[in-house]
Amino acid sequence: MVNENDAEASFVPMSSAPDKWLRKEHLPHIWCPGCGIGTILRQVIEQFTKLGWKNDDVVFVTGIGCTGRASGYVNAQTLHTIHGRALPTATGIKMARPDMHVVAMLGDGDGVGIGGNHFIHAAKRNIGVTAIVVNNRIYGMTGGQVSPTTPQGSKSTTTPYGNVEPSMDVCKLALGAGATFVARVHTANPVYVGQIIGRALQHDGFAVVEVLSQCPTYFGRFNGMPDPVQMLQWFKENTFMAKSPEDEKEGKIPIGVFKDDKTTPELSKSYRNLWEA
Ligand code: SF4
């Protein structure tokens, strides 16, 4: 297991994953220089390769937003759905085809803002979907508006004097709603991101991996960190390994695996058991 704070662990060797899992004809991608979404997507496809999954057996679903564009680049069965609706779409696919690996990649606004109710119900149902929540703490694509996860006091285009609302904790929400695998990581350590996404992909139930990710264009520029390296350094200095999102340490953000419950039945299997009884 990689120590999260081991700087050397950030090195990611080249692999054949991009050749198998990217639609290279759709590149170059639209993301800004220094954006964290590409780092996360790279780790997702690395894990697809490690698990030996076939392209046709993976359904990759996204909603709308900067993260939502990821489905255009992945060489799998992909759906680019409407805003906030990736999870109900993924739920329907998993119920119809429980044999498929269903992965939803969501932004914070898409996942727990506009799609918040769907997020709660996917967790409650324990549907066998991996939800990767890219939390850049802002609505990026639409111009840097405040999102549910924008920290209190942080600036955005719609909160130029600082956000007066408390921010939403994605992992606490997932735990409270019943998700059976819940973890938080950040893009300053891509190897650890990959390890945890790999565990989530193999989980039989609703698995949530919140990835703190840098948006230098909007969140960083409005909050004194216009250089993506500053944002990555901020993640390193302001997080700590924890067992629960409730853990506290000098005002830092807890990261790690907070739940890994292998006993709660997955929804599509429960439904099929009922059907066949
Ligand atoms: Fe990434 Fe932010 Fe640019 Fe969107 S606006 S592509 S999240 S850096």
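The structure this text deals with has already been given above.
Residues numbered from 1 in each chain as written. Predicted model: local features only at pLDDT ≥ 70, side-chain atom pairs only at ≥ 80, totals over all residues. Heavy atoms only, no water.

### Digging into the packing of helix 3 (residues 86-96) against helix 10 (residues 267-276)
The N-to-C vectors of helix 3 and helix 10 enclose an angle of 40°; their axes lie 9 Å apart at closest approach. One finds that helix 3 runs oblique with respect to helix 10. Remark: the crossing between helix 3 and helix 10 carries right-handed chirality. In this structure, helix 3 contributes Lys94, Met95 and Ala96 to the contact, and helix 10 contributes Leu267, Ser268, Tyr271 and Arg272. Grouping the constituent residues of the contact of helix 3 with helix 10 by class yields four nonpolar, one polar and two charged. (Axes fitted to C-alpha atoms, helices over the stretch in contact; angles between N-to-C directions. Helix = DSSP H or I, 4+ residues; strand = E, 2+ residues; numbered from the N terminus. Parallel < 35°, antiparallel > 145°, perpendicular 65-115°, else oblique. Left-handed = near helix turned anticlockwise from the far one by under 90°. Contact = heavy atoms within 4.5 Å. Nonpolar A, V, L, I, M, F, W, Y, C, P; charged D, E, K, R; others polar.)

### Quick notes on the pairing of strand 5 (residues 181-186)
Burial analysis of strand 5 places six of its six residues in the buried class, which makes it a mostly covered element. Burial along strand 5 is two-sided: Phe181, Ala183 and Val185 and Val182, Arg184 and His186, pointing in opposite directions, are all buried. Of the crossover connections in this fold, the one passing from strand 5 over helix 7 (residues 190-202) to the parallel strand 6 (residues 207-212) is right-handed. One ladder, built from four bridges, connects strand 5 with strand 8 (residues 253-260); its direction is antiparallel. Considered in strand 8, the bridge of Ala183 is made with Val257. (Buried < 20%, exposed > 50% of the residue type's maximum accessible area, 1.4 Å probe, protein only. Right-handed = clockwise from strand over helix to strand, strands pointing away. Pairing = 2+ DSSP bridges.)

### A look at the nonpolar core
The biggest cluster of nonpolar side chains holds 34 residues, and the ones touching the most others in it are Leu41, Phe48, Phe60 and Met105. Listed by contribution, the elements that provide at least two residues to this core are helix 1 (17-21), helix 2 (37-50), strand 1 (58-62), strand 3 (101-107), strand 4 (129-135), strand 5, helix 7 and strand 6. Ignoring any residue separated from it by four or fewer positions in sequence, one finds Met105 in contact with Ile37, Ile40, Leu41, Phe60, Val61, Thr62, Gly63, Thr67, Ala70, Ile132 and Val134. With 29 residues, the next largest nonpolar core counts Met100, Ala104, Phe240 and Phe258 among its residues. (Core = buried A, V, L, I, M, F, W, Y, C linked by side-chain atoms within 4.5 Å.)

### Topic: the layout of surface pockets
Volume-wise, the largest pocket comes out at about 450 Å³. Lining the largest pocket we find 21 residues, and of these Ser167, Asp169, Arg184, Ile253 and Pro254 sit closest to its centre. Elements that contribute at least two residues to the lining of the largest pocket include exactly helix 6 (170-177), strand 6 and strand 8. For the lining of the largest pocket, the per-class residue count stands at eight nonpolar, four polar and nine charged. The volume enclosed by the second largest pocket comes to roughly 190 Å³. Lining the second largest pocket are 16 residues, with Lys94, Met100, His101, Leu201 and His203 sitting closest to its centre. (1 Å grid on protein atoms, 1.4 Å probe; cavity = no way out; pocket = protein on both sides within 12 Å on 5 of 7 lines; lining within 4 Å. Points joined across faces, edges and corners; volume = space filled by probe spheres on them.)

### Side note on the environment of Arg23
Along the chain, Arg23 turns up in the loop between helix 1 and helix 2. Judged by relative accessible area, which is 17%, Arg23 ranks as buried. Separated by 48 residues in the primary sequence, Arg23 and Ser71 have C-alpha atoms spaced 9.8 Å apart. When neighbours within four sequence positions are excluded, Arg23 is seen to be in contact with Ser71, Gly72, Tyr73, Val74, Asn75, Ala76 and Thr78. Within the structure, the side chain of Arg23 is placed 3.5 Å from the backbone oxygen of Gly72, a separation counted as a polar contact. Within polar-contact distance, the side chain of Arg23 engages the side chain of Thr78 at 3.0 Å. (Polar contact = N/O pair within 3.5 Å; in protein donor to acceptor, adjacent residues only side chain to side chain.)

### Description of the pattern of salt bridges
For the coordinates displayed, the defined rule picks out ten salt bridges. Here Asp260 ties to Arg199 by a salt bridge, and the two come within 3.1 Å at their closest N and O atoms. With a gap of 61 residues between them, Asp260 in strand 8 and Arg199 in helix 7 connect regions that are remote in the sequence. Classification of Asp260 as partly exposed rests on a relative accessible area of 30%. By relative accessible area, which is 33% here, Arg199 ends up partly exposed. (Salt bridge = Lys/Arg side-chain N within 4 Å of Asp/Glu carboxyl O.)

### A word on the environment of Thr158
Along the chain, Thr158 turns up in the loop between strand 4 and helix 6. On the accessibility criterion, Thr158 (45% relative accessible area) is partly exposed. As for Thr158 and Arg42, which are separated by 116 residues in sequence, their C-alpha atoms are 31 Å apart. Once you skip the residues sitting within four places of it in the chain, Thr158 turns out to touch Gly144, Gln145 and Val146. Polar side-chain contacts of Thr158 include one of 2.9 Å to the backbone nitrogen of Val146.

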